[in-house]
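# Descriptive analysis of the structure
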Amino acid sequence: MKIVIIGAGPIGCYSAQLFNKFMPGIDVINIEEHPQVGKPVHCAGLVSRRIFEESKVALDTGCIINVIDGARFFFNSDSFLIRRKDAAVVVDRSKFDADLSRGLKIISNTRFVGIGKEGRGYLIETDKGEYYADIVIGADGANSLLRSAINGKENIDYFRGVQFRIRSKRKRNIVNVYIRSSFFAWAIPEDENIIRVGIISDNPYHDLVDLLRREGIKGEILEKFAGVVPLGRCQTQKDRIFLVGDAACQVKPLSHGGLYYGMRCAEILVDCISQSRLDDYQKKWQERFGREINIGLKIRQIYTKLNQDNIDKMFAIFKENVDIIEKFGDLENHSKFISEIIKNPKLQILLGKVIFSIIKDINTQ
């Protein structure tokens, strides 16, 4: 069997490593458009320890450059702090990706341009030649070129993000999160001297520069990154073609992280292929993460309709109930925290008033 994976980002490389471990002997190659794995960087680099703890292949913890013990949330002139020891880690994404690529057959600096049927398999066309595959996996990110080959219905919104790496002194174990009416921003410390400040919005570069000015964040800009986040739903398999990771919209709608979901879904995909149950992939990954993504999409939809007054009220509710967030907040499972809010009688009353206000505002628009 010959498997071609389009993309050699973390999900594409992780998928290939899983095949090498659980299906030794099959021929797996990754086709990567960039000349070097791990660059350019398109990720904030803040992940939970579960990325390392639940991995089915050994991950090099040498890429961890900082440990986060909490987050401070800001809205206008107000703020509150959530503490949780070892809540997350900051990783060197270039090193993380490069470590995952070791030992793999990667054809770099090669761009995928098309695909067609060839017997029971497929002929993959690139700008450097053609490759045959019995199974094709698209791990080529938010703007997946393979997605169109699925020919299914798409309901995807694309959000742009920009991040600056800045030399600036900060407390090394606390992340700052800045809430705005239609977006959020972050400041992630690599250490005491360097922070990653980023934003996702309709006009990210302009909004990030404005945020730096408003928050008084100064320092030498060492690097600039940009990326796209896909949120929504799409068909993730057709015949023997599959999508995984950002290409499959396996992304958390509230925090926009895709590494944890993508790795778990890659495990599901490799398991389905190894057991010759190819038709089960979409059903199985949606059983694992579909509800979580749907809840996140609905909450995001509600959030975009909030006015400044409603956001202020919601912020005050969370500020008064930090203990619930600290106890039940989960970087990889947002619905767990939401479930606890729904079960809390006091919060039901407070949130009910805010929701009523939101509905009233929408009806008067």
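See the structure shown above.
My aim in this report is to walk through the structure given alongside it, one point at a time. Every residue gets a number counted from 1 within its own chain, in the order that chain's sequence is written. This being a predicted model, a pLDDT of at least 70 is required before a residue's local features are given, and a value of 80 or more before pairs of side-chain atoms are given or counted; all residues contribute to the totals for chains, interfaces and linings. With hydrogens and water set aside, each side-chain value is computed from the structure's full complement of heavy atoms.

### Some remarks on the overall build of the protein
The criterion, for reference: Under the DSSP-based scheme used, a helix requires at least four consecutive residues in state H or I and a strand at least two consecutive residues in state E, with every element numbered from the N terminus. Residue contacts are counted whenever heavy atoms from the two residues lie within 4.5 Å of one another. The Shrake-Rupley method, run with a 1.4 Å probe sphere, supplies the accessible areas, and residue values consider only the shown protein chains as cover.
Scanning the protein from terminus to terminus reveals eleven helices and 17 strands. Considering only intrachain contacts with a sequence separation of at least 6, the fraction spanning at least 24 residues in the protein is 70%. Carbon and sulfur atoms make up 50% of the accessible area of the protein, which amounts to about 17500 Å² in all.

### Description of the sheet that holds strand S7 (residues 112-118)
What counts is decided by this rule: Strands are treated as partners if at least two bridges between them are detected by DSSP. For every element, the axis is a line fit to its C-alpha atoms; helices are fit only across the contacting stretch, and the angle between N-to-C directions ranges from 0 to 180 degrees.
Read from one edge of the open sheet, three strands run S7-S8-S9, paired in antiparallel fashion. The open sheet has two edge strands, S7 and strand S9 (129-133), and neither has a second partner. Across the sheet, the axes of successive neighbouring strands diverge by a mean angle of 25°, strand direction being ignored. Relative to strand S8 (residues 121-126), S7 runs antiparallel, the two sharing six bridges. Considered in S8, the bridge of Phe-112 is made with Thr-126.

### A few points about the packing of helix H6 (residues 259-274) against helix H7 (residues 281-303)
Defined as follows: In what follows, roughly perpendicular refers to angles from 65 to 115 degrees, roughly parallel to angles under 35, roughly antiparallel to angles over 145, and oblique to any angle outside these ranges. In a left-handed crossing the near helix is turned counterclockwise from the far helix by less than a right angle, and in a right-handed crossing that turn is clockwise. Polarity classes work like this: nonpolar for Ala, Val, Leu, Ile, Met, Phe, Trp, Tyr, Cys and Pro, charged for Asp, Glu, Lys and Arg, and polar for all others, with Gly in that last group.
Look at H6 against H7: their axes get within 8 Å of each other, and the N-to-C directions meet at 160°. In terms of axis orientation, H6 runs roughly antiparallel to H7. Regarding H6 and H7, the two cross each other, and that crossing is right-handed. Contacts between H6 and H7 pair Tyr-260, Tyr-261, Arg-264, Cys-265, Ile-268, Leu-269 and Cys-272 from the former with Tyr-281, Lys-284, Trp-285, Arg-288, Phe-289, Glu-292 and Ile-293 from the latter. Grouping the constituent residues of the contact of H6 with H7 by class yields ten nonpolar, no polar and four charged.

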